[in-house]
Every structure is written in C-alpha cells, then in structure tokens.
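Here is how the chains run, residue by residue.
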Amino acid sequence: MKTPAPADLQRWSDELARNPASLAFLPLARAYRRLGRKDLAMRLCLRGLEEHPANVEAHALLALLYLERGERERAADEWSIVLRLKPGNFEALRGMGFRYLEENDIPRARQHLERAALIRPADAAVQEALRLLRQREASARLEEVGAEPASAPQEDEMLTLVEEVWTPDLAGFPSFIDEDPAAAGAQGAAAAEPIELREEDVEPWAVAPADEAERHAEAVDVQAEPAPRRETATAIGDPGRVFETLMIGPILGALLLDARGLVLAGNLRAEGSADDIGAIIGGAVDEAKRTVSYLELGGWRGFLMEAQSAVIHVSPVHPEATVVLAAEPGAPTGWILRTAEQAGRLAARFLEAYP
Amino acid sequence: MSDVYRDAIERLSHVPGVRGALIVDMGAGVPVTAEVETGISPDALAALAAALYERTARASDAAGFGALSTFHLEAEGGHVVMAGAGDLVLIALVDDDAQLGRVRLETQRAAETLQ
C-alpha cells in the first residue's frame with residue numbers, strides 16, 4: 001500500500017483550505033486513514049459529503065471507516081446509499097450481502113452476494129458465503145420432501161464467515177477506496193492488499209503524525225468545529241432519507257415533489273403510497289396558487305390542511321418544487337410550521353445537490 | 001339570513017386582523033352570507049375558496065387522510081382560513097400580522113355552530 005507523501009498531504013490540505021468544496025477531501029481522508037488518523041479521516045469525509053452528497057467513493061470510504069470502528073449499522077447505511085447511487089459497487093454489494101447474512105435474511109443476502117460474484121468472481125469470501133448458502137438451501141429442500149438432509153452448514157459456520165468478512169483486515173476491503181483517483185479502475189489487485197498501516201510502511205515524518213495531522217485538519221477547518229451530524233450527510237445522499245432527521249414524534253414524514261406532483265425525495269408513514277399522495281396533494285397546489293393570485297395576497301407561502309388522520313403542510317421550496325410534511329392529528333400547529341421550514345431547508349439542499 | 005349564520009360571521013369578523021368572513025355553499029360556490037372589506041368581491045372569493053376547499057377535501061380523502069376539517073392558505077400578504085361544516089365552508093380572509101391562533105380557533109368554533 002502506498003504511503004501518502006507529505007507533499008501530497010500539503011497539496012490536498014491547501015486545496016481544501018482554499019476551496020472547502022474541493023474534492024481534495026477524498027484523497028486527504030484516505031491518506032489520514034492510512035496514517036491511522038481515522039477520526040480525522042471520518043470528519044473530512046463527513047464534511048466532504050455535505051458538499052458532495054452523491055459522491056460514491058466518499059460514502060464507500062465512510063462505510064469502511066464505520067466498519068473499522070465496529071459500527072456495522074452505520075456502515076450498512078452507507079453501503080445502501082452507495083448502492084442507490086451506483087448499483088454495481090462491489091464493496092457495497094458484498095457488505096450488504098454479509099449484513100443480510102448476519103440478519104439471516106437469506107434471499108436478500110443471496111441476491112447481493114450473487115451480484116457481487118458477477119462483478120468479482122474470484123472473491124473468496126463471496127464464493128464461500130454463496131457455497132454455504134447453497135448448502136443450507138439444499139438441505140432445507142431435502143427436509144421439506146422428508147429426505148435425510150445433507151450436512152447443512154451450521155449457524156455458527158455462517159456467523160464465523162460473517163465475522164471474518166466484517167473484519168476489514170481479513171476481507172481485503174480497500175479496492176478503489178485506497179487507490180488514487182487516477183488508478184481507481186484497478187480494483188482487482190488492490191483487493192488483496194492489507195489495508196492497515198504497517199509501521200515499516202510509515203515514513204519517519206509520519207511515525208508521530210499527530211501534530212502534522214492536526215495541523216492539516218485545522219487547515220481545512222474541521223478540527224475546531226464539532227463533527228457534523230452524520231444524519232446530514234446521509235440524509236442528503238439518500239433521496240428516501242432526506243427528511244429523516246425530522247421524523248420524530250408525531251411527524252409522519254415529508255415528500256419533495258416536482259411541479260408535476262412526482263416525488264423527488266422523502267417518504268411518509270401513511271396508508272397510501274408516497275407517489276399517490278404526492279400526485280394527489282400536488283394537484284391542489286395550482287388551485288392554491290390561483291386563489292392567492294386572485295386575492296392579490298403576494299407570493300404563495302403554503303397551506304396547512306387538517307384532516308381526520310393527518311395534518312398536512314405544503315410549501316414551495318423552489319419555483320417548481322414543493323415540500324409536503326405530514327404529522328399526526330393534534331400535533332401543535334406552530335411546531336408543524338417550524339418543522340416545515342426545516343423540511344424546506346433540507347429540500348433546498350437536496351435540490352442544490354441534484355439540480 | 002339565519003341567526004346562526006349571522007352570529008358565526010359576526011363572531012369571526014370581530015377577531016383582530018380578519019378582513020372578511022363568509023359562509024359559502026360548497027356545492028354551488030356561492031356565499032350564503034358574507035361580511036368583507038370594500039374592494040373584495042364576496043362572490044369571487046366564495047367561488048375560488050370553495051373550489052380550493054373542495055379540491056383539497058377530495059385530495060385528503062383520496063390520499064387516505066380522511067375528511068378535511070380546516071384549511072389554512074398562507075401568502076406573503078395574508079391568509080385564508082377555512083373550516084368545513086357539512087355542505088358549508090366558513091372562510092376568513094386574514095391580514096398577515098393577525099393572531100393566527102385565535103383566528104383559527106374562532107373559525108373552527110364558528111364552523112361547529114353551523115353543523
């Protein structure tokens with residue numbers, strides 16, 4: 001594994017200091033990860049995702065960082081985002097495959113692992129998992145017809161495999177994550193490399209990297225501030241979770257609709273499908289605008305409808321987009337209005353990211 | 001005009017910031033009774049607001065949210081607050097700086113008296 005050169009660190013750091021929206025956060029975060037400065041790497045990654053919420057490599061790197069911290073749920077969250085953005089991403093398919101194995105969701109585990117195997121047929125962990133899955137399924141079928149079951153893999157055997165793969169050092173997780181962007185295509189060779197920094201790989205300047213790392217972090221203005229809320233980066237990257245941070249208490253969810261009433265992002269805990277609700281509610285928007293225009297009330301700011309099983313607030317966030325926020329009946333009106341404002345801000349950020 | 005209707009309108013009209021109050025027959029889109037500031041056509045307001053309320057009530061039902069009870073339209077220059085009462089809808093046209101909480105409450109109470 002290539003050790004990051006001080007000159008590169010300096011260059012990426014300077015670039016970020018000059019332009020916080022620069023993509024230099026990615027190689028810098030990778031470099032700090034290799035140097036063992038994983039907290040710094042994570043902060044850089046989260047900050048970078050605020051500027052580049054759809055950056056697949058940043059989500060994949062974040063997944064790896066979470067995995068290395070033992071935060072499997074969060075790693076799985078990031079992989080699921082990666083798969084929405086890039087359905088053929090090997091690491092995410094494999095990671096989610098093992099995640100589902102761990103949850104004993106065999107059909108979804110198989111689906112993800114088979115797709116991973118198509119992309120990288122030589123991956124030993126994926127092949128082993130599929131072999132065990134096939135054995136288990138064959139055994140289950142024999143049992144169904146009353147035949148003597150073959151020796152099915154024990155639960156322990158599966159879980160041991162899962163544990164091995166969840167341990168990144170054994171899994172060869174790095175692939176493109178640890179590569180320079182220019183070499184991102186050469187995934188196969190990189191997959192076999194260990195990903196942890198070995199002492200012998202560290203240049204003298206990096207053996208005690210704390211000061212240097214802190215200095216670079218300050219240069220990109222991540223050290224002095226509290227770490228950004230993880231939900232922010234996640235929510236913006238995943239259309240279904242844009243409004244996730246608002247989903248507390250009586251809030252049933254929120255949808256971002258385009259001018260045709262089509263759902264762009266968000267979800268609702270409601271009886272009907274989000275698409276149907278979007279289309280139906282979106283249709284009332286034109287009528288509302290016409291009434292405001294006739295009454296010469298200035299710009300349309302939204303409407304609030306109280307119904308039997310929900311309170312709905314609809315407001316514009318863009319000339320051609322509206323946000324629908326739903327809450328349980330009886331939710332305080334002022335609170336709904338404030339939450340709707342927050343939803344509007346999240347929606348605006350989403351639209352900026354996906355114009 | 002029935003006393004119930006007149007009382008509902010008067011009650012609503014006396015809330016600070018209310019520029020006009022109407023009771024509208026939703027099906028016909030015409031005002032049953034109205035008290036609005038000069039310059040506002042009660043007929044046009046009744047037609048537009050009733051259409052909006054009816055449209056939204058249908059949307060609410062179709063979306064699975066059930067029957068609509070109140071509707072509050074927000075704009076830079078003011079608000080329209082509506083509450084349903086069977087075939088009727090009570091409409092209040094309100095200034096932007098009005099005490100909206102009180103307007104909403106009075107509109108709902110007035111609508112209840114019409115049920």
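What counts as what
Residues numbered from 1 in each chain as written. Chains lettered and ligands numbered in written order. Predicted model: local features only at pLDDT ≥ 70, side-chain atom pairs only at ≥ 80, totals over all residues. Helix = DSSP H or I, 4+ residues; strand = E, 2+ residues; numbered from the N terminus. Contact = placed C-beta atoms within 7 Å. Buried ≥ 20, exposed ≤ 12 C-beta atoms within 10 Å, placed from the backbone. Expected span 1.5 Å × (residues − 1). Pairing = 2+ DSSP bridges. Axes fitted to C-alpha atoms, helices over the stretch in contact; angles between N-to-C directions. pLDDT = per-residue confidence, 0-100. Nonpolar A, V, L, I, M, F, W, Y, C, P; charged D, E, K, R; others polar. Core = buried A, V, L, I, M, F, W, Y, C linked by C-beta atoms within 7 Å. Parallel < 35°, antiparallel > 145°, perpendicular 65-115°, else oblique. Left-handed = near helix turned anticlockwise from the far one by under 90°.

(A) Quick peek at the overall build of chain B. Looking only at helices and strands, chain B features 3 helices and 5 strands. Helices (α) and strands (β) of chain B occur, in sequence order from the N terminus, as α-β-β-α-β-β-β-α. Nonlocal contacts in chain B, meaning residues at least 24 apart in sequence, comprise 51% of its contacts between residues at least 6 apart.

(B) The overall build of chain A, seen in detail. A count of helical and extended segments in chain A gives 16 helices and 5 strands. By residue count, 43% of the 355 residues in chain A fall in the buried class.

(C) Representation of helix α2 (residues 25–34) of chain A. Residue and element names in this part refer to chain A. In terms of residue burial, α2 counts as a mostly covered element, since 10 of its 10 residues are buried. When α2 is considered as a whole, its buried residues turn out to be Phe-25, Leu-26, Pro-27, Leu-28, Ala-29, Arg-30, Ala-31, Tyr-32, Arg-33 and Arg-34. Immediately beyond the C-terminal end of α2, within one or two residues, lies Gly-36, with a positive phi of roughly 85 degrees.

(D) Inspection of helix α3 (residues 38–51) of chain A at higher detail. End to end, α3(A) covers 20 Å across 14 residues, agreeing with the expected 20 Å (1.5 Å per residue, within 8%). Among the residues of α3(A), those classed as buried are Leu40(A), Ala41(A), Met42(A), Arg43(A), Leu44(A), Cys45(A), Leu46(A), Arg47(A), Gly48(A) and Leu49(A).

(E) Layout of the sheet that holds strand β1 (residues 251–258) of chain A. Across the sheet, 10 strands lie side by side as β2(A)-β1(A)-β5(A)-β4(A)-β3(A)-β3(B)-β4(B)-β5(B)-β1(B)-β2(B); this open sheet has antiparallel pairing. The sheet terminates laterally at β2 (263–268) of chain A together with β2 (30–36) of chain B, the two strands that pair on one side only. For this sheet, the mean inter-axis angle between neighbouring strands, taken without regard to orientation, is 15 degrees. In the sheet, strand β1 (residues 18–25) of chain B pairs with strand β5 (residues 88–94) of chain B via 7 bridges, with the strands oriented antiparallel. Following the sheet pairing, Ile23(B) is matched in β5(B) by Leu90(B). Of the strands in this sheet, β1, β2, β3 (300–307), β4 (311–318) and β5 (321–327) of chain A together with β3 (68–75) and β4 (78–85) of chain B touch helix α15 (residues 274–294) of chain A, which is tilted by about 115 degrees from β2(A). Helix α2 (residues 42–62) of chain B contacts β3 of chain A together with β1, β2, β3, β4 and β5 of chain B of the sheet and is inclined by roughly 120 degrees relative to β2(B).

(F) Representation of the confidence of the model for chain A in the model. Residues and elements named next belong to chain A. Predicted confidence across chain A gives a mean pLDDT of 73, with 72% of residues reaching 70 or more. The least confident element of chain A, judged by mean pLDDT, is helix α12 (residues 204–207) at 26; the most confident is β3 at 93. Considering only residues more than four positions removed or in separate chains, one finds that residues 168–235, a stretch of pLDDT under 50, has 102 contacts.

(G) Region of the structure containing the interface of chain B and chain A. In this assembly, 28 residues from chain B lie in contact with 32 residues from chain A. Only α2, β3 and β4 of chain B provide two or more residues apiece to the side of chain B that touches chain A. Broken down by element, the residue count for the side of chain B that touches chain A peaks at 11 residues, all from α2(B). Partitioning the side of chain B that touches chain A into residue classes produces 16 nonpolar, 9 polar and 3 charged. Bridge count between β3(A) and β3(B): 7 bridges; the pairing is antiparallel. Paired with Gly302(A) across the two strands is Glu74(B), which belongs to β3(B).

(H) Layout of the nonpolar core. Within the largest apolar cluster, 82 residues are counted, with the highest numbers of intra-cluster contacts made by Ile312(A), Val324(A), Val24(B), Ala49(B), Met82(B), Leu90(B) and Ile91(B). If we ignore the near neighbours within four places in the chain, the residues touching Met82(B) are Ala49(B), Tyr53(B), Thr70(B), Phe71(B), Val89(B), Leu90(B) and Ile91(B). Residues Leu28(A), Cys45(A), Leu93(A) and Ala129(A) belong to the second largest nonpolar core, which totals 47 residues.

(I) Quick look at the packing of α2(A) against helix α4 (residues 56–68) of chain A. Residues and elements named next belong to chain A. One way to put it is that α2 packs onto α4 with a least axis distance of 10 Å and a crossing angle of 20 degrees. In terms of orientation, α2 and α4 fall into the roughly parallel class. When you trace α2 past α4, the crossing you get is left-handed. For the pair α2 and α4, contact is made by Leu-26, Ala-29, Arg-30 and Arg-33 and by Glu-57, Ala-58, Leu-61 and Leu-65, respectively. Taken together, the residues of the contact of α2 with α4 break down into 5 nonpolar, no polar and 3 charged.

(J) View of the environment of Leu93(B). Residue and element names in this part refer to chain B. Mapped onto the elements, Leu-93 comes out in strand β5. Put simply, Leu-93 and Gly-20 are 73 residues apart on the chain and 5.0 Å apart in space, counted from C-alpha to C-alpha. Once you skip the residues sitting within four places of it in the chain, Leu-93 turns out to touch Arg-19, Gly-20, Val-36, Ile-40, Leu-45, Gly-78 and Val-80.

(K) Unusual backbone geometry, seen in detail. Residues and elements named next belong to chain A. One non-glycine residue, Glu-296, lies in positive phi territory at about 50 degrees. Residue placement: Glu-296 occurs in the loop between α15 and β3. For Glu-296, a count of 11 C-beta atoms within 10 Å translates into the label exposed.

(L) Local environment of the pairing of β4(B). All names here are of chain B. For β4, a buried count of 7 out of 8 residues is recorded, marking the element as mostly surrounded by other parts of the structure. Bridging between β3 and β4 involves 6 bridges; their strand directions are antiparallel. Within β4, the position partnered with Glu-74 by the bridge is His-79.

(M) The pairing of β1(A), seen in detail. Residues and elements named next belong to chain A. Within β1, 6 of the 8 residues are buried, which leaves the element mostly enclosed by the surrounding structure. When β1 meets β5, the two strands line up antiparallel, connected through 7 bridges. Paired with Gly-253 across the bridge in β5 is Ala-326. Here β1 pairs with β2 via 5 bridges, running antiparallel. Opposite Leu-256, over in β2, you have Ala-265 as the bridge partner. Hairpin connection between β1 and β2: a loop of 4 residues separates the two successive antiparallel strands, and Gly-261 in this loop has a positive phi of roughly 80 degrees.

(N) Main features of the environment of Gly299(A). Relative to the assigned elements, Gly299(A) resides in the loop between α15 and β3. Each C-alpha atom of the pair Gly299(A) and Lys289(A) lies 8.5 Å from the other, and the pair is 10 residues apart in sequence. Aside from chain neighbours lying at most four places away, what touches Gly299(A) is Ala75(B) and Glu76(B).

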